[in-house]
Amino acid sequence: MVDLSKFELIKQGAEARLYTGVFLEQEVMVKERFSKKYRHPELDATLTKDRHRSECRALLKCKSLGVPVPTMYMCDNETNVIIMERFKDAITVRDRINKLISEK
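Before going into details, it helps to say that this report is about the structure given with it. It should be emphasised that the depicted structure is a prediction, and the values quoted were computed from it without experimental measurement. (Residues numbered from 1 in each chain as written. Predicted model: local features only at pLDDT ≥ 70, side-chain atom pairs only at ≥ 80, totals over all residues. Heavy atoms only, no water.)

Comments concerning the overall build of the chain
The number of helices and strands found in the chain is two helices and five strands. From first element to last, N terminus to C terminus, the chain shows the α and β order β-β-β-α-β-β-α. Its C-alpha atoms put the chain at 45 × 35 × 30 Å along the principal axes. Within the chain, the fraction of its 104 residues that count as buried is 31%. The long-range share in the chain, meaning contacts at least 24 apart out of those at least 6 apart in sequence, stands at 36%. For the chain, the exposed surface amounts to about 7500 Å²; the carbon and sulfur share of it is 55%. Separation of charge centres in the chain, based on 20 positive and 16 negative side chains, amounts to 6 Å. (Helix = DSSP H or I, 4+ residues; strand = E, 2+ residues; numbered from the N terminus. Buried < 20%, exposed > 50% of the residue type's maximum accessible area, 1.4 Å probe, protein only. Contact = heavy atoms within 4.5 Å. Areas by Shrake-Rupley, 256 points an atom, 1.4 Å probe, with all protein chains shown as cover. Lys, Arg positive; Asp, Glu negative; His and termini not counted. Charge placed at Lys NZ, Arg CZ, Asp CG, Glu CD.)

Shown next as structure tokens:
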């Protein structure tokens, strides 16, 4: 289990929170998927677990194909937390799209 109080929250979306910090002497990003209180508990648990595992598998698959994605250091299926390499000066896809739109 990861103690998220040691990390700094930098973004929160509808599905997850993103943190930054140090893990095993590496600069990392931590993604925590959280439950949705408005969903039925069983449905929420299933959706959250499935999305978390799918994202972990996708990161590994992309990495194996040579796609420049962060290296995953840990995938905790109990707490729905992913710890991955932090790319310096990286921006989110949403921020990149918004920048491209604003430049038109």
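A few points about the pairing of strand 5 (residues 81–85)
Of all five residues making up strand 5, four are buried, and the element is well covered by its neighbours. Looking at chain direction, strand 3 (residues 26–33) and strand 5 are connected through five bridges and run antiparallel. Note that in strand 5 the partner of Met 29 across the bridge is Met 84. Sheet topology places strand 4 (residues 72–76) next to strand 5; four bridges connect them, and they run antiparallel. Pairing of Cys 75 across the sheet is with Ile 82, part of strand 5. (Pairing = 2+ DSSP bridges.)

Overview of the sheet that holds strand 2 (residues 16–23)
If you trace the five strands from one edge of the open sheet to the other, you get 1-2-3-5-4, paired in antiparallel fashion. The sheet terminates laterally at strand 1 (8–12) and strand 4, the two strands that pair on one side only. Pairwise comparison of adjacent strand axes, ignoring direction, gives a mean angle of 20° for this sheet. Judged from the eight bridges that link them, strand 2 and strand 3 form a sheet pairing that is antiparallel. Each bridged residue has a counterpart across the sheet, and for Thr 20 the counterpart in strand 3 is Met 29. Sheet strands in contact with helix 1 (residues 41–64) are strand 3, strand 4 and strand 5, and its direction is about 20° off that of strand 5. (Axes fitted to C-alpha atoms, helices over the stretch in contact; angles between N-to-C directions.)

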